[in-house]
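Examination of the molecular architecture
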Amino acid sequence: MDLLTCCVVGTRPEAIKMAPVIMELRKECGMHPYVLATGQHAEMLRQSLSFFQILPDADLAIMRDRQSLDYITASVLSGVGEALDKVRPDLVLVHGDTSTTFASALAAFYRRIPVGHVEAGLRSGNLYLPFPEEANRLLVDRISTLLFAPTEWAKNNLLAEGYDASKIWVTGNTVIDALLWGIEKVKSPNLPELKQIPETDRILLLTAHRRESWGEPLYAICRALRQILAEEDGLWAVIPVHKNPAVREIMAKELYGMSKVILCEPLDYPDFIWAMKRSTLILSDSGGIQEEATAIKKPVLVLREVTERPEALNSGTAILVGHDTEKIVTESLRLLRSNEAYEELIERSGYPFGTGDAAKRIATAIKEAVQKGYLRDAFGRRD
Ligand code: UD1
Ligand code: UDP
């Protein structure tokens, strides 16, 4: 078999979650991964890829300050389209639900190149939450040939929408592969501010970046954090602030200069893994962090109204708290103060997102799809 697979990455989570797949395809004889970065994220993409020693074969470097959805979609569509015309891959792999994911899948579809969707089938059930990610997932699944669902629940979503079972593989989530690969390499943090936290003190780790969190919800989160810190002794807040100015302006205004608050640049993946492991409690609106926290058995309060990852709520360590200051404070203090409540959450959680072999399963599924002629048949005869 000789298969040229174009793996597209644009943002931090795509880099982290596609890295295990790229590494696995590199190991497989006859599967040639070509890494195409759209550069929807700049520093955050480079930072994440470099930990996995992945240097893109091409980088479209499209990022602009305060870029609009229209701008990202249009520039990725034309940039990836041109790249595909040059590279002529047999398969395009995209990950998740970003604008890069959607526009790259569309560019491949327009060229009748089969698309494999990593992390297919996630649904919040509300087209506008998260926005625009829920729509991106639906659209990408619709134009994909191979669907790599991380869990049975995701597979069932696809089946309920009428997708052909033979094109769906349940693989686990590749973020667990990345986490387990990385965790072995992390002994202590690199960032000096993290080293200064006394070993006897506890850490609350906070991240927020979703569009739904911009404006008033972020103020509500910051108010909650101030209250929690005021009520708990020996508690530090580590807050790696997303590069998005819509997030940075509010976080800096509300939290800068507070004692026991480490407001820092986005952490590189090893330092972030260290921070997750070392933290007592995580507060986040991130998708990937819900999965990672579950795998390392850390409670995570999800700062969202809905989640497309109910497994993290049902058999993980996540609790949905939304953006309500009161609720965030109450739930945080309950877990910080009651060993019983804390242990109960940890004990009920399993490994709903897999145990770290998702990339291998995806590589095996691709080989199976090639053997069964799914790529050849995706658009009828290809010229
Ligand atoms: C994007 C994704 C979101 C994903 C998130 C992961 C879309 C529409 N949104 O949101 O689904 O959860 O990435 O983090 O695809 N910036 C920098 N440097 C960087 C990255 C971002 O300066 O390395 C700034 C730029 O001003 C940029 C802005 O952040 O314009 C927003 O970036 P963008 O990718 O549009 O949105 P995110 O909020 O990062
Ligand atoms: N992450 C990181 N450094 C940080 C914050 C997050 O490396 O400072 C990692 C985190 O471990 C996870 C991924 O970034 O794997 C999640 O990305 P993000 O929250 O930006 O996006 P989402 O998952 O919500 O799409």
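Structure first, text after, so check above.
Residues numbered from 1 in each chain as written. Chains lettered and ligands numbered in written order. Predicted model: local features only at pLDDT ≥ 70, side-chain atom pairs only at ≥ 80, totals over all residues. Heavy atoms only, no water.

1. A word on the overall build of the chain
Scanning the chain from N- to C-terminus turns up 17 helices and 13 strands. In summary, the chain has a C-alpha radius of gyration of 20 Å against a globular reference of 21 Å for 383 residues, a match within 12%. Taken along its principal axes, the extent of the C-alpha atoms in the chain is 65 × 40 × 40 Å. Across the 383 residues of the chain, 60% fall into the buried class. Taking the contacts inside the chain whose residues are at least 6 apart along the sequence as the reference set, 69% of them involve residues at least 24 apart. (Helix = DSSP H or I, 4+ residues; strand = E, 2+ residues; numbered from the N terminus. Rg over C-alpha atoms; globule rule 2.2 N^0.38 Å. Buried < 20%, exposed > 50% of the residue type's maximum accessible area, 1.4 Å probe, protein only. Contact = heavy atoms within 4.5 Å.)

2. Quick word on the site of ligand 1
Neighbouring ligand 1 are 24 residues; His41, Glu43, Arg64, Ser99 and Glu133 lie closest to it. A distance of 3.0 Å separates an oxygen atom of ligand 1 from a polar atom in the backbone of Arg66. One of the backbone N or O atoms of Ser99 is found 2.8 Å from an oxygen atom in ligand 1. Out of a free accessible area of 750 Å², ligand 1 has 95% covered by protein chains. Those elements giving two or more residues to the shell around ligand 1 turn out to be helix H2 (43-51) and helix H3 (69-87). Partitioned by chemical class, the residues of the shell around ligand 1 number 8 nonpolar, 9 polar and 7 charged. (Near = heavy atom within 4 Å. Polar contact = N/O pair within 3.5 Å; in protein donor to acceptor, adjacent residues only side chain to side chain. Areas by Shrake-Rupley, 256 points an atom, 1.4 Å probe, with all protein chains shown as cover. Nonpolar A, V, L, I, M, F, W, Y, C, P; charged D, E, K, R; others polar.)

3. Description of the sheet that holds strand E13 (residues 318-320)
The parallel open sheet is built from 6 strands, whose spatial order is E10-E9-E8-E11-E12-E13. The strands lining the two open edges of the sheet, one partner per strand, are strand E10 (261-264) and E13. Taken pair by pair, the neighbouring strands of this sheet meet at an average axis angle of 20 degrees, ignoring direction. Summarising the sheet, strand E12 (residues 300-302) and E13 pair through 3 bridges and their orientation is parallel. Across the sheet, residue Val302 finds its bridge partner in E13, namely Leu320. (Pairing = 2+ DSSP bridges. Axes fitted to C-alpha atoms, helices over the stretch in contact; angles between N-to-C directions.)

4. Remarks on the site of ligand 2
Residues in close proximity to ligand 2 total 15 residues, the closest being Leu267, Ser286, Gly287, Gly288 and Glu292. Ser286 is positioned with one of its side-chain polar atoms (N or O) 2.8 Å from an oxygen atom of ligand 2. Gly288 has a polar backbone atom sitting 2.8 Å from an oxygen atom of ligand 2. For ligand 2, whose accessible area on its own is 530 Å², the fraction buried by protein is 95%. Looking at the shell around ligand 2, the elements with two or more residues in it are helix H1 (12-27), helix H11 (269-278) and helix H12 (288-295). The class makeup of the residues in the shell around ligand 2 is 8 nonpolar, 4 polar and 3 charged.

5. Points about the pairing of strand E1 (residues 3-9)
In terms of burial, E1 is a largely internal element, 6 of the 7 residues being buried. Following the backbone out of E1, through H1 and into the adjacent parallel strand E2 (residues 31-37), one traces a crossover that is right-handed. Pairing of E1 with strand E4 (residues 91-95) involves 3 bridges; the strand directions are parallel. Bridged to Cys6 within E4 is Val92. (Right-handed = clockwise from strand over helix to strand, strands pointing away.)

6. Some details on the nonpolar core
Within soluble globular proteins, side chains that are nonpolar generally end up buried alongside one another. Core analysis: the largest hydrophobic core is formed by 63 residues, its most contacted members being Phe52, Leu93, Phe148, Tyr269, Met276 and Ile366. Tallying contributions element by element places H1 first for this core, with 8 residues. Discounting residues that sit within four places of it in the chain, Leu93 has contacts with Thr5, Cys6, Cys7, Val8, Met18, Val21, Leu25, Gly116, Phe148 and Ile366. One finds Leu204, Ala208, Leu235 and Met251 within the second-largest nonpolar core, a separate group that totals 34 residues. (Core = buried A, V, L, I, M, F, W, Y, C linked by side-chain atoms within 4.5 Å.)

7. Description of H1
Compared with an ideal rise of 1.5 Å per residue, which puts 16 residues at 22 Å, H1 spans 23 Å between its outermost C-alpha atoms and is within 8% of the ideal. With 12 of 16 residues buried, H1 lies mostly within the body of the structure. Residues of H1 that are buried include every one of Glu14, Ala15, Ile16, Lys17, Met18, Ala19, Pro20, Val21, Ile22, Met23, Glu24 and Leu25, and no others. (Expected span 1.5 Å × (residues − 1).)

8. Structural notes on the environment of Thr317
Tracing the backbone through its elements, the reader meets Thr317 in the loop between helix H13 (310-314) and E13. You can call Thr317 buried: its relative accessible area is 0%. Once the C-alpha coordinates of Thr317 and Ala295 are considered, the two residues, 22 residues apart in sequence, prove to be 8.6 Å apart. Leave out the neighbours within four places in its chain, and Thr317 touches Ala293, Thr294, Lys297, Lys298, Pro299, Val300, Ala312, Leu345, Ile346 and Ser349. Within the structure, the side chain of Thr317 is placed 3.5 Å from the backbone oxygen of Ala293, a separation counted as a polar contact. For Thr317, the side chain forms a polar contact with the main-chain oxygen of Lys298, separated by 2.7 Å.

9. Observations regarding the pattern of salt bridges
All told, the structure shown has 29 salt bridges when counted by the stated rule. Here Lys360 ties to Glu24 by a salt bridge, and the two come within 3.5 Å at their closest N and O atoms. In this pair, Lys360 sits in helix H16 (residues 358-371) while Glu24 sits in helix H1, placing the two residues 336 residues apart along the sequence. Overall, the relative accessible area of 48% leaves Lys360 in the partly exposed class. Across the pair Arg226 and Glu254 runs a salt bridge, and its minimum N-O distance is 3.0 Å. Taken together, the residues span a long stretch of sequence, with Arg226 in helix H9 (residues 216-231) and Glu254 in helix H10 (residues 245-255) at a distance of 28 residues. For Arg226, a relative accessible area of 31% puts it in the partly exposed group. (Salt bridge = Lys/Arg side-chain N within 4 Å of Asp/Glu carboxyl O.)

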